[in-house]
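Chain and residue survey
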There are 2 protein chains.
Amino acid sequence: MVTELTSPPLEFHKPSIEDEGLPAHELLEAVTAKWPLSVMRVLAQAQGPLRFSRVLERVEGISQKVLTQALRALERHGLITRTLYPQVPPRVEYELTPLGADLLAQVLSLWRWIQGRLPEFAAAARDPSRV
Amino acid sequence: MVTELTSPPLEFHKPSIEDEGLPAHELLEAVTAKWPLSVMRVLAQAQGPLRFSRVLERVEGISQKVLTQALRALERHGLITRTLYPQVPPRVEYELTPLGADLLAQVLSLWRWIQGRLPEFAAAARDPSRV
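Read on for an overview of the structure. (Residues numbered from 1 in each chain as written. Chains lettered and ligands numbered in written order. Predicted model: local features only at pLDDT ≥ 70, side-chain atom pairs only at ≥ 80, totals over all residues. Heavy atoms only, no water.)

Focus: the environment of A:Gly78
Structurally, the position occupied by A:Gly78 is in the loop between helix H4 (64–76) and strand E2 (80–85). Between the alpha carbons of A:Gly78 and A:Leu96 there is a distance of 8.9 Å; along the sequence they are 18 residues apart. (Helix = DSSP H or I, 4+ residues; strand = E, 2+ residues; numbered from the N terminus.)

Following this line, the structure appears as structure tokens:
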């Protein structure tokens with residue numbers, strides 16, 4: 001079950017993006033970007049650690065380079081863990097952290113909210129005066 | 001009051017980003033990007049139409065060029081209206097649509113959720129194995 005948000009009133013006092021610096025906003029942008037979000041979804045679906053090559057297979061259309069960048073960004077924000085097993089060849093596994101799973105759930109809620117209103121967005125894009 | 005989401009279970013059946021094409025995801029990225037989000041916040045705070053020059057003043061640090069791009073993207077997605085008054089010099093006013101206001105409220109909810117967990121994110125970034 002996804003809890004649907006009721007629209008809060010439009011109050012924009014503190015904390016605001018400007019007042020608090022950019023870390024929350026940086027995270028918001030990082031996690032809603034296409035590839036990191038797709039990678040997080042694949043790791044969530046796996047419900048456990050995945051090797052680089054498995055993630056590469058499961059995220060459709062991603063390149064090795066872009067996957068490497070996405071994994072580094074997610075790791076840097078504490079959303080995934082990276083575990084290196086020193087064997088030959090070295091094995092590296094990635095796993096969603098609980099915090100990453102929570103954030104992903106929030107973002108997917110928003111994504112579904114948008115998804116459910118796509119006809120409205122399409123209509124608004126055609127004629128913004130009607131919405 | 002901002003309704004706080006409870007974490008939904010990690011189910012990732014349809015609709016998924018890949019299955020449904022990219023419009024929802026495109027919107028998600030467009031609206032969580034720094035400048036469009038700041039512009040929407042300024043328009044929401046104004047609670048009415050604003051001229052280009054007023055928006056430019058109120059969105060701290062934005063350039064004319066970037067503001068023009070942000071406004072066009074928001075208009076294209078039906079999130080703001082652009083009204084041209086044919087006078088000399090021409091007056092152009094921008095206003096959030098109700099749909100834009102709803103979406104902004106959703107995104108700000110997510111943003112506040114992240115904001116409230118910044119210490120956890122910071123801790124996780126330092127040591128992902130502990131979250």
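Right, picking up where we left off after that structure.
Points about unusual backbone geometry
For residues that are not glycine, phi is negative in most cases, and the peptide bond is trans in most cases. Residue and element names in this part refer to chain A. Cis peptide bonds are those with omega within 30 degrees of zero, and the linkage from Val88 to Pro89 qualifies with -5°. Structurally, Pro89 is set in the loop between E2 and strand E3 (91–96). The backbone phi angle of Gln47 is positive, close to 50°, even though this residue is not glycine. The residue Gln47 is located in the loop between helix H2 (34–46) and strand E1 (50–51) in this model.

Observations regarding the packing of helix H5 (residues 98–116) of chain B against helix H6 (residues 118–126) of chain B
Residues and elements named next belong to chain B. The contact between H5 and H6 brings their axes to 4 Å, and the two run at 60°. Considering the angle they form, H5 stands oblique to H6. Where H5 abuts H6, its residues Trp113, Ile114, Gln115 and Gly116 lie against Leu118, Pro119 and Phe121. Here the residues of the contact of H5 with H6 are counted per class, giving five nonpolar, two polar and no charged. (Axes fitted to C-alpha atoms, helices over the stretch in contact; angles between N-to-C directions. Parallel < 35°, antiparallel > 145°, perpendicular 65-115°, else oblique. Contact = heavy atoms within 4.5 Å. Nonpolar A, V, L, I, M, F, W, Y, C, P; charged D, E, K, R; others polar.)

Overview of helix H6 (residues 118–126) of chain A
Within the span of H6(A), buried status applies to A:Leu118, A:Phe121, A:Ala123 and A:Ala124. Buried-residue contacts for H6(A) involve helix H5 (98–116) of chain A together with helix H1 (23–32) and H5 of chain B. (Buried < 20%, exposed > 50% of the residue type's maximum accessible area, 1.4 Å probe, protein only.)

Let's talk about the sheet that holds strand E1 (residues 50–51) of chain B
Note on sheets: strands pair through backbone hydrogen bonds, and any given pair is parallel or antiparallel. All names here are of chain B. On the basis of which strands lie adjacent, the open sheet formed by three strands has the order E1-E3-E2 and antiparallel pairing. On the outer flanks of this sheet lie E1 and strand E2 (80–85), each paired with one strand and no other. Pairing between E1 and strand E3 (residues 91–96): two bridges, direction antiparallel. Looking at E3, one finds that Leu50 is bridged to Tyr94. Here helix H2 (residues 34–46) sits on the sheet in contact with E1, E2 and E3, set at roughly 90° to E3. (Pairing = 2+ DSSP bridges.)

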